[in-house]
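# Understanding the architecture of this molecule
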Amino acid sequence: IADGKVVLGRKGFAGHIGHMGIVANGERCGCGNRGCWEAYASATNFTRRAIRRAAGHKSSVLGRNGKLIDARAVLEAAQAGDSLALELVEEQAMYLGTGITSLLHLFSPEVIVMGGGMSNGFDQLHPGIVAHVQDNAMPAFREVPVVRAALGDNSGLLGAAMMVFDDNKLS
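Quick notes on the rules
Residues numbered from 1 in each chain as written. Predicted model: local features only at pLDDT ≥ 70, side-chain atom pairs only at ≥ 80, totals over all residues. Heavy atoms only, no water. Helix = DSSP H or I, 4+ residues; strand = E, 2+ residues; numbered from the N terminus. Buried < 20%, exposed > 50% of the residue type's maximum accessible area, 1.4 Å probe, protein only. Contact = heavy atoms within 4.5 Å. Axes fitted to C-alpha atoms, helices over the stretch in contact; angles between N-to-C directions. Parallel < 35°, antiparallel > 145°, perpendicular 65-115°, else oblique. Left-handed = near helix turned anticlockwise from the far one by under 90°. Nonpolar A, V, L, I, M, F, W, Y, C, P; charged D, E, K, R; others polar. Phe/Tyr/Trp six-rings, centres within 6.5 Å; stacked < 30°, edge-to-face > 60°.

Tallying secondary structure elements over the protein gives six helices and two strands in all. The order of helices and strands in the protein, counted from the N terminus, is α-α-α-α-β-α-β-α. Counting all 171 residues of the protein, 36% fall into the buried class. In the protein, once contacts between residues fewer than 6 apart in sequence are set aside, the share between residues at least 24 apart is 58%.

Take a look at the structure:
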């Protein structure tokens, strides 16, 4: 949002921030490219990493007794002190912080609002995100607050729905 209006860009395609490259020749993204922020920082891909890593990590509670591994299970295990889960949360915060640092440098916003599935783990991820921003952002950007979206993982859906009723709607 800039000056109180949704930035639409050419043909209404602005805002695909999940497709910024953050890892050269990285994991394949759903868009077909490699190394996209979404291929690392989304809840879906966080879960995929957890499933892969839990298979070879016998001391972790993740996946034990056939229990489902999803982002919520990883966050709960991290809160309980599971070493693999803590490692995954730290890594996820780094990936989120990497993308957020790029957004800070590109747009110089007043605030970064984190929504989507990973916002459910905001309290656990926030310290690592802030640490990454502190270590990697230019000094002028280090004090920009990173906050959880009030609507959590529904924020994107509701934002899209509101565009239909906004003066800025796509035509």
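Here the focus is the environment of Arg-64. If you trace the backbone, Arg-64 turns up in the loop between helix 2 (43-55) and helix 3 (71-79). Considering only alpha carbons, one finds Arg-64 and Ala-54, 10 residues apart in sequence, at a separation of 8.9 Å. The residues touching Arg-64, leaving out its near neighbours within four places in the chain, are Lys-58 and Ser-59.

Next up on the list: the packing of helix 3 against helix 4 (residues 83-107). Interaxial distance between helix 3 and helix 4 falls to 7 Å at its minimum, and their mutual angle equals 115 degrees. Considered as vectors, helix 3 and helix 4 are oriented roughly perpendicular to each other. Considering only the axes of helix 3 and helix 4, their crossing is left-handed. Between helix 3, through Val-74, Leu-75, Ala-77 and Ala-78, and helix 4, the contact on the second element is made entirely by Ala-85, Leu-86, Leu-88 and Val-89. Residue composition of the contact of helix 3 with helix 4, by class: eight nonpolar, no polar and no charged.

Applying the stated criterion across every chain, the model contains one aromatic pair. Aromatic side chains Tyr-40 and Tyr-95 sit 4.8 Å apart centroid to centroid with 50 degrees between the ring planes, which places their arrangement in the tilted category. Placement of Tyr-40 in helix 1 (residues 38-41) and of Tyr-95 in helix 4 is noted, with a sequence separation of 55 residues between them. Each member of the pair, Tyr-40 together with Tyr-95, is buried.

Remember that the coordinates give geometry; whether it matters functionally is a separate question.
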